[in-house]
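# A structural walkthrough
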Number of protein chains: 2
Amino acid sequence: MPETYRVAIMGATGAVGTELLDLLAERNFPVEELVLLASPRSVGRELTFKGQSIKVQDINQIDFSDIDLVLASAGGSVSKEWAPKAAAAGAIVVDNSSAFRMDPTVPLIVPEVNPEAVLEHKGIIANPNCTTILMGVALWPLHQYQPIERVVVSTYQSASGAGARAMEEVKQQAQAILRDEKPVTEAFPYPLAFNLFPHNSPLDDRGYCQEEMKMVNETRKIFGVSDLRLSATCVRVPVLRAHSEAINIEFQQPLAVAKALELLHAAPGIKVVEDWDANYFPMPMEASGQDDVLVGRVRTDLSHKCGLELWLSGDQIRKGAALNAVQIAELLVKKQLLKSKTVA
Amino acid sequence: MPETYRVAIMGATGAVGTELLDLLAERNFPVEELVLLASPRSVGRELTFKGQSIKVQDINQIDFSDIDLVLASAGGSVSKEWAPKAAAAGAIVVDNSSAFRMDPTVPLIVPEVNPEAVLEHKGIIANPNCTTILMGVALWPLHQYQPIERVVVSTYQSASGAGARAMEEVKQQAQAILRDEKPVTEAFPYPLAFNLFPHNSPLDDRGYCQEEMKMVNETRKIFGVSDLRLSATCVRVPVLRAHSEAINIEFQQPLAVAKALELLHAAPGIKVVEDWDANYFPMPMEASGQDDVLVGRVRTDLSHKCGLELWLSGDQIRKGAALNAVQIAELLVKKQLLKSKTVA
């Protein structure tokens, strides 16, 4: 009989949390016991896992020495406080927040890119930012074959990037605008329905917002190329779920489109979506709910002799967050790094 | 008394046509008589110009020798048929379609960039594509100071780019989706509400769509740089009106942000919109209805020593089409190239 594990989800009621719950069931993760944790206002709420109702608990009441694996998606401050405690108690934490991503002692993993980094964990493993994961999955197979010199990326990020409440807000804004009423903005600084704006995370003094610097710094860490030249412009668009990215890549040497497509077709986590006759390429509408990153519109860059361009859409909540975390957990199981304390 | 002119609007009932009507009134263009032309199904409809009701007429019934200026916005095939006839009859045609843009005998003009090209007209002057105009206005003052080597641009194009019917379609799609109904698509190949997709104009065999190649070829012609390196990724987004563009620019030499801002502030047709503390930059919501192209988020490109990035939003129907055409007409008046046949 395979080992089973006591798994805790931190932030179980959020957009990513509920997706984690679904994915653990869907992928048949070997769960011995599932503990759901959330903010005080959600304590007592019940969520369903494999037909079984589970009550959301108060994180202060939990003894992490009874937990083998923590999937954390409750925001940076919660992770900063609780991930080290859980790790100290012997659990392995896969953290979806940005709290530990750039910590040199914490592996930052996209399973399709750097699964071996899992071996270096010291109790905490960081899940990269959504836009980083989607781009990383698409660029890695190309970079393996022909090293990347520089990337210029523009993102088209859905409301889901700001959580379930933000998705609801965009719908309500759209309703209001269609009724000629003033849209209410709470989750975002400006109306997003029928509008768009550069990503509203804090800006640094060079003019890049946190979201953009995550793409730069996290990609460098995951790819193991500390000086990778990358510039990102991150933009929120009125799409409910799934992010898209227009990526311009300069390689050290020219990379033919046919070769790039061959590499993308063979790579894990990617579905090549392009029908040039039908003008049909990845769309967030179709990426939503899919595990794979949809990649297409691969073409030689007219403006650079070593350039290639591609277009992708990927589910921000799934591969961009929850699925990647569960895949890291599966890696831990596969490498026998996750120890079941119940069995021991 | 200043000369006045007999002006015809071809495609008067469309999104750009009605804007032309408004702009001629708003800017007090010296109109002697206004003739409105549209497709057969609109003949007889009445539109208002300066409080006066004007009936839409059948183009076949018009004697263009009675017309001084034609503002054409009825699509490429209508322009191809009628613009040469109108020009042969002695009118000057400012054509908003793509029919004559790349014709070497036809000037292609953004008044802020190449007003002098108006002198070379032979009866037809072409108005560039919306995305080209918006980008051209922003890049020209920089290029004048520090020559541009290469541009990588990603667009965020509103439904208005496909006309008034498309704007209505996106609203109806949004209504349907909010009611959990299937959205109807007619103007576009895929639903655009809460979705987005690469621009659906025909693709060439290098993988660039017409909209993208317009940005390349038209910018080269307007800037007078036949080998300008430029790659565009054009994307339709669920915004009703006003396009946005994320532009990465490589100059021959580094251009400091402060200098770029100084140039942009001093340039015509541009409003610099950036408040870094408030994370406030150009948005289509605010660009709609404005004459100026909103430009901001100007920053040094982290990934290139001669790179600079900026973000813009501009009203596709106004500066991206109708306003630019009216400005060309104003140039004709100013340079005394438009002859009033009534007065003569």
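Here the structure is a predicted model, which is why all the values come from computation and not from measurement.

Mapping chain A onto chain B calls for a rotation angle of 180° and an axial translation of 0.0 Å; the resulting RMSD is 0.0 Å. In the structure described here, the two chain copies are related by an operation that fits a two-fold rotation axis.

The tally for this structure, following the rule as stated, stands at three cavities of 30 Å³ or more. Roughly 160 Å³ of volume is contained in the largest cavity. A:Val152, A:Ser154, B:Val152, B:Ser154 and B:Ala246 are the residues nearest the centre of the largest cavity, which is lined by 22 residues in total. When contributions to the lining of the largest cavity are tallied by element, the ones reaching two or more residues are strand 8 (148-156), strand 12 (243-251) and strand 15 (307-314) of chain A together with strand 8 (148-156), strand 10 (229-233), strand 12 (243-251), strand 14 (293-300) and strand 15 (307-314) of chain B. Grouping the amino acids of the lining of the largest cavity by side-chain chemistry returns 11 nonpolar, seven polar and four charged. Space inside the second largest cavity adds up to approximately 40 Å³. A:Ala174, A:Ala193, A:Phe194, A:Pro238, B:Ala174, B:Ala193, B:Phe194 and B:Pro238 are the residues that line the second largest cavity. Within the lining of the second largest cavity, the residues separate by chemical class into eight nonpolar, no polar and no charged.

Another point: the UniProt feature "active site" (unreviewed entry) in chain A. Residues and elements named next belong to chain A. Using the residue numbers shown here, the UniProt feature "active site" (unreviewed entry) corresponds to Cys130 and His243. A maximum C-alpha distance of 8.3 Å among these annotated residues, which run over 114 residues, shows that they cluster at one spot. Among the secondary structure elements, Cys130 is positioned in helix 3 (residues 130-145). Contacts of Cys130, omitting those with residues within four sequence positions, involve Glu211, His243, Gln316 and Gly320. Contacts of His243, omitting those with residues within four sequence positions, involve Cys130, Thr131, Leu134, Tyr156, Gln157, Ser158, Ser160, Gly161, Leu312, Ser313, Gly314 and Gln316. Polar side-chain contacts of His243 include one of 3.0 Å to the backbone nitrogen of Ser158.

All names here are of chain B. The six strands lie next to each other as 10-8-12-15-14-13, forming an open sheet whose pairing is mixed. For this open sheet the edge positions go to strand 10 and strand 13 (270-272), each flanked by a neighbour on one side alone. On average, each strand axis in the sheet is tilted by 25° relative to the strand beside it, whichever way the strands run. In terms of strand pairing, strand 8 meets strand 10 through five bridges, oriented parallel. Bridging across to strand 10, Ser154 finds its partner in Thr233.

In this structure, A:Arg297 takes a positive phi of about 55° despite not being glycine. With respect to the element layout, A:Arg297 can be found in strand 14 (residues 293-300). The backbone of B:Asn279 shows a phi angle near 55°, a positive value even though the residue is not glycine. Looking at the element boundaries, B:Asn279 is found in the loop between strand 13 and helix 7 (284-287). For B:Asn279, a relative accessible area of 10% gives the class buried.

Residues and elements named next belong to chain A. Taking strand neighbours across the sheet as the criterion, the six strands line up as 10-8-12-15-14-13 in an open arrangement whose pairing is mixed. In the strand order of this sheet, the two ends are held by strand 10 (229-233) and strand 13 (270-272), each with one partner. Along the sheet, successive strands turn relative to each other by an average axial angle of 25°, direction set aside. Pairing of strand 12 with strand 15, which is carried by eight bridges, proceeds in the antiparallel orientation. Note that in strand 15 the partner of Ala246 across the bridge is Trp311.

With that settled, the discussion passes to the pairing of strand 12 of chain A. Consecutive side chains of a regular strand alternate in pointing toward one face of the sheet and then the other. All names here are of chain A. Within strand 12, nine of the nine residues are buried, which leaves it mostly tucked inside the rest of the structure. With burial as the criterion, each face of strand 12 is covered, one bearing His243, Glu245, Ile247, Ile249 and Phe251 and the other bearing Ser244, Ala246, Asn248 and Glu250. Pairing of strand 8 with strand 12, which is carried by eight bridges, proceeds in the antiparallel orientation. Bridge pairing links Ile148 to Phe251 in strand 12.

Another point: the UniProt feature "binding site: substrate" (unreviewed entry) in chain A. Residues and elements named next belong to chain A. With numbering matched to this structure, UniProt assigns "binding site: substrate" (unreviewed entry) to Gln157 and Arg236. What stands out for the annotated residues spanning 80 residues is how close their C-alpha atoms remain, the widest pair being 4.6 Å apart. The class of Gln157 is buried, set by a relative accessible area of 1%. Those residues in contact with Gln157, other than ones at most four positions away along the chain, are Thr131, His199, Glu211, Cys234, Val235, Arg236, Val237 and His243. A polar contact of 2.9 Å, which involves the side chain of Gln157, links it to the side chain of Glu211. Examined against the element boundaries, Arg236 turns out to sit in strand 11 (residues 235-236). According to the relative accessible area criterion, Arg236 is buried, its value standing at 7%. Contacts of Arg236, omitting those with residues within four sequence positions, involve Gln157, Ser158, Gly161, Ala162, Phe188, Leu192, Leu196, Phe197, His199 and Asn200.

Calculation criteria
Residues numbered from 1 in each chain as written. Chains lettered and ligands numbered in written order. Predicted model: local features only at pLDDT ≥ 70, side-chain atom pairs only at ≥ 80, totals over all residues. Heavy atoms only, no water. Least-squares fit on C-alpha atoms with pLDDT ≥ 70 in both. 1 Å grid on protein atoms, 1.4 Å probe; cavity = no way out; pocket = protein on both sides within 12 Å on 5 of 7 lines; lining within 4 Å. Points joined across faces, edges and corners; volume = space filled by probe spheres on them. Helix = DSSP H or I, 4+ residues; strand = E, 2+ residues; numbered from the N terminus. Nonpolar A, V, L, I, M, F, W, Y, C, P; charged D, E, K, R; others polar. UniProt positions renumbered as here; feature names shortened; annotations may be inferred. Contact = heavy atoms within 4.5 Å. Polar contact = N/O pair within 3.5 Å; in protein donor to acceptor, adjacent residues only side chain to side chain. Pairing = 2+ DSSP bridges. Axes fitted to C-alpha atoms, helices over the stretch in contact; angles between N-to-C directions. Buried < 20%, exposed > 50% of the residue type's maximum accessible area, 1.4 Å probe, protein only.

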